[in-house]
Amino acid sequence: GEIISVEVADLVLKSLFNPSKTDGKFADLDIERERRLLVDAVNAEINNKRLYAINKAIALMCDNEPFALPKYGTVEQLNFVSNEKLQSAHDYILHNAFLRVNYIGKEYPDSLFKLIADKFSSFDRSNVVKKLDCTPHKPSSEIKNKIDEIDVNQSKLFMGFSFDCDCEFENEMIAKYFILLYSAATFSKCFRYVREKLSLCYYCSPTLIFDKKMFFVDCGIDAVNYDKAVDAIKLQLDSIKNGEISDEDFDAATLILKSDLKEITDSQDAMNNFLVSNIYADEKYNDISLREKVITSVTKKQVIDFAQSVKLDTIYMLKGTTEGVEVDG
């Protein structure tokens with residue numbers, strides 16, 4: 001007869017509202033432990049060369065934008081955190097952070113939602129804003145280029161692109177079609193031509209950041225193939241702009257996007273991840289059937305039109321100092 005969900009929520013809320021404190025302050029031992037863990041995480045980033053290169057490239061591409069800030073901050077910023085600043089941040093979160101509770105189960109959890117609402121009722125949360133404040137990336141007037149050297153065999157190439165469209169869900173789906181056809185699938189332009197035909201890269205993976213109106217393609221390459229890889233990747237963009245999309249590839253992209261929708265209901269974790277990833281989106285698109293209608297309504301022409309707005313913004317390479325073998329062609 002126990003309502004486990006309410007008991008778990010109560011435990012989480014106690015951790016949130018009543019964290020470990022002594023005389024109204026966080027314990028110095030706790031602060032130093034967490035600081036050390038975060039400093040270690042920042043310093044360890046370089047051990048993951050691909051992630052390190054991506055973060056360095058984004059910092060270059062989005063210079064002077066909040067998006068360029070590293071996830072955990074810098075070591076200097078972490079060392080600057082004080083007990084007073086932590087308390088101020090904790091208070092700010094309780095009063096201003098947007099809160100949404102996802103519950104996935106058979107029955108509507110009235111008692112759980114009431115518990116959470118009661119806990120927050122004593123706080124003035126009139127300033128809470130649900131809308132995500134995300135300023136689109138402003139493309140630079142000239143393509144940014146930078147090469148850093150590091151003692152590894154494989155170089156990491158990053159090519160950042162900007163695009164222009166409204167922040168509508170339909171446009172996000174068009175962008176996802178483009179990404180699949182450009183570099184995200186085994187039938188994509190970059191996979192077939194740059195990786196398979198020319199063997200210029202070990203992988204060629206794209207990441208779409210729709211709210212920022214940007215995406216990037218990161219590759220593992222031999223340093224000697226830098227120019228050829230850059231030219232080949234640019235050529236594939238021109239190919240889509242010129243309308244070179246087969247019906248077979250377009251239909252394959254549709255199947256992938258539809259398959260991704262079906263996987264949402266495979267597990268509670270998948271459903272929760274779906275809801276979390278769309279926390280700032282129009283909630284009507286949590287309806288999977290509506291999403292599928294939007295996907296099936298996208299046309300090849302819309303993808304080609306979208307590609308016309310895509311511009312190369314930044315080229316960054318984390319260059320391995322051990323020379324590779326140049327590929328002919």
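This report concerns the structure included in the present document. (Residues numbered from 1 in each chain as written. Predicted model: local features only at pLDDT ≥ 70, side-chain atom pairs only at ≥ 80, totals over all residues. Heavy atoms only, no water.)

**A few points about the sheet that holds strand β3 (residues 144-150)**
Link 1 in the chain: A sheet is described by the order of its strands in space; here five strands give the open sequence β3-β7-β4-β6-β5, paired in mixed fashion. Each edge of the open sheet is held by one strand with a lone partner, namely β3 and β5 (203-209). The sheet shows a mean angle of 15° between the axes of neighbouring strands, direction not considered.
Link 2 in the chain: Two strands pair when backbone bridges link them, and strand β4 (residues 155-162) and strand β6 (residues 214-221) are joined in this way by eight bridges, in the antiparallel orientation. Residue Ser162 lies in a different strand from β6, and its bridge partner there is Met214.
Link 3 in the chain: Relative to strand β7 (residues 311-320), helix α3 (residues 49-61) is tilted by about 140°, and along the sheet it contacts β3, β4, β5, β6 and β7.
Link 4 in the chain: Across the face of the sheet, helix α7 (residues 169-184) comes into contact with β4, β5 and β6 while running at roughly 165° to β5. (Pairing = 2+ DSSP bridges. Helix = DSSP H or I, 4+ residues; strand = E, 2+ residues; numbered from the N terminus. Axes fitted to C-alpha atoms, helices over the stretch in contact; angles between N-to-C directions. Contact = heavy atoms within 4.5 Å.)

**Some details on the nonpolar core**
Link 1 in the chain: Judged by nonpolar contacts, the single largest core of 57 residues is most densely connected at Leu157, Phe161, Phe178, Tyr182, Phe215, Ile233 and Val303.
Link 2 in the chain: In terms of nonpolar packing, the next biggest core, distinct from the first, is built from 15 residues, Tyr52, Ile54, Ile58 and Phe158 among them. (Core = buried A, V, L, I, M, F, W, Y, C linked by side-chain atoms within 4.5 Å. Buried < 20%, exposed > 50% of the residue type's maximum accessible area, 1.4 Å probe, protein only.)

**Some points on helix α8 (residues 189-197)**
Link 1 in the chain: Buried within α8 we find Lys189, Cys190 and Val194. Down the axis of α8, the buried set is contained in an arc of 80°. They therefore lie on one face.
Link 2 in the chain: On its buried face, α8 sits against α7, β5 and α9 (226-241).
Link 3 in the chain: Ser199 sits one or two residues past α8 and shows a positive phi near 50°. (Arc of directions from axis to C-beta.)

**Quick look at the pattern of salt bridges**
Link 1 in the chain: Summed over all chains, the structure comprises 13 salt bridges.
Link 2 in the chain: Through salt bridges that share partners, Asp30, Arg33 and Glu34 make up one connected network. (Salt bridge = Lys/Arg side-chain N within 4 Å of Asp/Glu carboxyl O.)

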